[in-house]
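Coordinates in review
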Amino acid sequence: MNKVEQAAVAHSADAGNVEDALDAGNYRQAVIDSESATAVAMQNTLLTPRFYTTDFDALDAIDVSPVREEWDRLIARMKSDPNKGHFKKNADWEQIDWDGMDPKLRAEFTDFLISSCTAEFSGCVLYKEMKRRGKNEDITTLFQLMARDEARHAGFINDALREAGIAVNLTFLTEKKKYTFFQPKFIFYATYLSEKIGYARYITIFRHLQKNPQHRFHPIFKWFEEWCNDEFGHGEAFALLMKTDPRLTRGINALWIKFFLTAVYSTMFVRDHQRPAFHQALGIDPDWFAQSVFTKTSEISRQVFPLTLDIDHPRWKKNLKALQRANVDLAEARKNGRLIKRLFASARAGLAFVALLTIPSIRNKVPERTRLEPVY
Ligand SMILES: [Fe+2]
Ligand SMILES: [Fe+2]
């Protein structure tokens, strides 16, 4: 691309690849960041989105021939790029009075946007790096396409944040945020789940607001349908990657899958309950929301996981609540520098997590073909 063409890509939504998306005007503007937003995005706690790195050579060595037919179909659909140009403001975007917003809601909603933006960008960085390091054309093509989508998503959230006078400095994050190393199989479990749970979360909010438009307090929710379809497709790709090697979902790895399911679900539960004003503004009961998202994600994940969690077990909700309360107390004790209270709360959180993890799971027979459509 020459200079003139480069200048033509004014918005990440219109970019055809990840490099152009990151070069686009709305990304460059994000460099003029607000320190506080970037500081929030830099946090590495159990509950904040992380950046990942992996064994890129092992990933590059994957042979997709066992799933060739489904693979080619998925890649063709991603290449056709139905959402090109979608992730930017248009006539449907109403101006929001950020200054007039209830301060609690404003704080929680901002936190939601920053953490979503960080999560999108974390996917972008990982996928882009895989594309850069790989030689296997199947793999690099997929990761290039997914990085493109995530760059658009993150860019769009930053557009929304900028209206509130804040933006996350994504260049700074790339360079300075700590990267956690995961073996490829753990990247598969974690990323597959985060894509599918992302789909389930966004579609649940979108459908709820279709029925209750009076609760749509910000225009970004109107974009969630196409958005979650992107995430659904990314999840499909990871399902196929896992299908290339049956060992990834057997034996000891089934236990790892159970661990990741429990960790991802309970993290979501705890994090969402930290935003009561946000959920109240949406007219969403976080308990209902969690169960609805878990049900969808469990149903979808039967395409590739050999088990699902028993989310109707009497110990499930009880211990999610216990974990959440322990987390509130832990944050409180941390703030006040109370060491004993802190240790006690940590122990309670650990016990609750073990109680969740030891609920017997439900066995699942994985179908021959993985492919699913977003039907919710
Ligand atoms: Fe995304
Ligand atoms: Fe995604």
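Residues numbered from 1 in each chain as written. Chains lettered and ligands numbered in written order. Predicted model: local features only at pLDDT ≥ 70, side-chain atom pairs only at ≥ 80, totals over all residues.

Some remarks on the overall build of the protein chain
Within the protein chain one finds 16 helices and 4 strands. Expected size for 376 residues packed as a compact globule is a radius of gyration near 21 Å; at 20 Å, the protein chain falls within 12% of this value. Viewed in the frame of its principal axes, the protein chain has a C-alpha envelope of about 60 × 55 × 40 Å. The buried share of the protein chain, reckoned over its 376 residues, is 39%. Residue pairs in contact within the protein chain that sit at least 24 positions apart in sequence constitute 80% of those at least 6 positions apart. (Helix = DSSP H or I, 4+ residues; strand = E, 2+ residues; numbered from the N terminus. Rg over C-alpha atoms; globule rule 2.2 N^0.38 Å. Buried ≥ 20, exposed ≤ 12 C-beta atoms within 10 Å, placed from the backbone. Contact = placed C-beta atoms within 7 Å.)

A short note on the domain arrangement of the protein chain
Per the domain assignment, the segments of the protein chain are domain 1 (1–244) and domain 2 (246–367). Sorting the residues of the side of domain 1 that touches domain 2 by element identifies α7 (103–133), α10 (184–211) and α11 (224–243) as the ones contributing at least two each. Considering each element in turn, the side of domain 1 that touches domain 2 owes the most residues, 13 residues, to α10. Split into classes, the residues belonging to the side of domain 1 that touches domain 2 amount to 15 nonpolar, 5 polar and 8 charged. (Domains from an automatic or database assignment. Nonpolar A, V, L, I, M, F, W, Y, C, P; charged D, E, K, R; others polar.)

Quick word on the environment of E163
Looking at the element boundaries, E163 is found in helix α8 (residues 137–163). Discounting residues that sit within four places of it in the chain, E163 has contacts with I96 and W98.

A few points about unusual backbone geometry
Phi angles above zero are rare outside glycine, and D81 is one such case at about 55°. Accessibility expressed as a C-beta count within 10 Å gives 13 for D81, which makes it partly exposed.

Focus: helix α14 (residues 286–301)
Here α14 contains 16 residues, and its C-alpha end-to-end distance of 22 Å stays within 8% of the 22 Å for a straight helix at 1.5 Å per residue. Next to the buried residues of α14 lie α10, α12 (252–272), α13 (276–282) and β3 (307–308). (Expected span 1.5 Å × (residues − 1).)

Some thoughts on α12
A turn of α-helix holds 3.6 residues, and therefore any two residues three or four places apart point the same way. If you check α12, its first and last C-alpha atoms are 31 Å apart, about what 21 residues at 1.5 Å a residue would give, namely 30 Å. Considered for burial, the residues of α12 that qualify are I257, K258, L261, T262, Y265, S266, M268, F269, V270 and D272. Its buried side turned inward, α12 meets α10, α13, α14, β3, α15 (314–336) and α16 (339–357).

Brief notes about the packing of helix α6 (residues 68–80) against α8
Two elements in contact, α6 and α8, have axes whose closest approach is 10 Å; the angle formed by their N-to-C orientations is 35°. At the point where α6 passes α8, the crossing takes the left-handed sense. Across the interface between the two elements, W71, I75, M78 and K79 of α6 pack against D138, T141, L142 and L145 of α8. When the residues that make up the contact of α6 with α8 are grouped by side-chain class, the tally is 5 nonpolar, 1 polar and 2 charged. (Axes fitted to C-alpha atoms, helices over the stretch in contact; angles between N-to-C directions. Left-handed = near helix turned anticlockwise from the far one by under 90°.)

Considerations on the nonpolar core
Core analysis: the largest hydrophobic core is formed by 82 residues, its most contacted members being C117, C124 and L161. Among the elements that line this core, the one with the most residues is α8, at 12 residues. Of the residues that make up this core, three or more belong to each of domain 1 (1–244) and domain 2 (246–367). Beyond its immediate sequence surroundings of up to four residues, C117 is in contact with A154, I157, N158, L161 and V168. (Core = buried A, V, L, I, M, F, W, Y, C linked by C-beta atoms within 7 Å.)

With respect to the packing of α10 against α14
Working note: a packed helix pair is described by the angle between its axes plus the distance between those axes. Put simply, α10 and α14 touch, their axes get as near as 9 Å, and they point 135° apart. Classed by the angle they form, the pair α10 and α14 counts as oblique. Like other packed secondary-structure pairs, α10 and α14 cross with a definite hand, here right-handed. Contacts from K196, I197, A200, R201 and T204 of α10 reach α14 at F289, S292, V293, K296, T297, I300 and S301. Residues belonging to the contact of α10 with α14 are distributed by class as follows: 5 nonpolar, 4 polar and 3 charged. (Parallel < 35°, antiparallel > 145°, perpendicular 65-115°, else oblique.)

Quick look at the environment of F269
In this structure, F269 sits in helix α12. Residues F269 and F289, spaced 20 residues apart in sequence, show a C-alpha to C-alpha distance of 9.2 Å.

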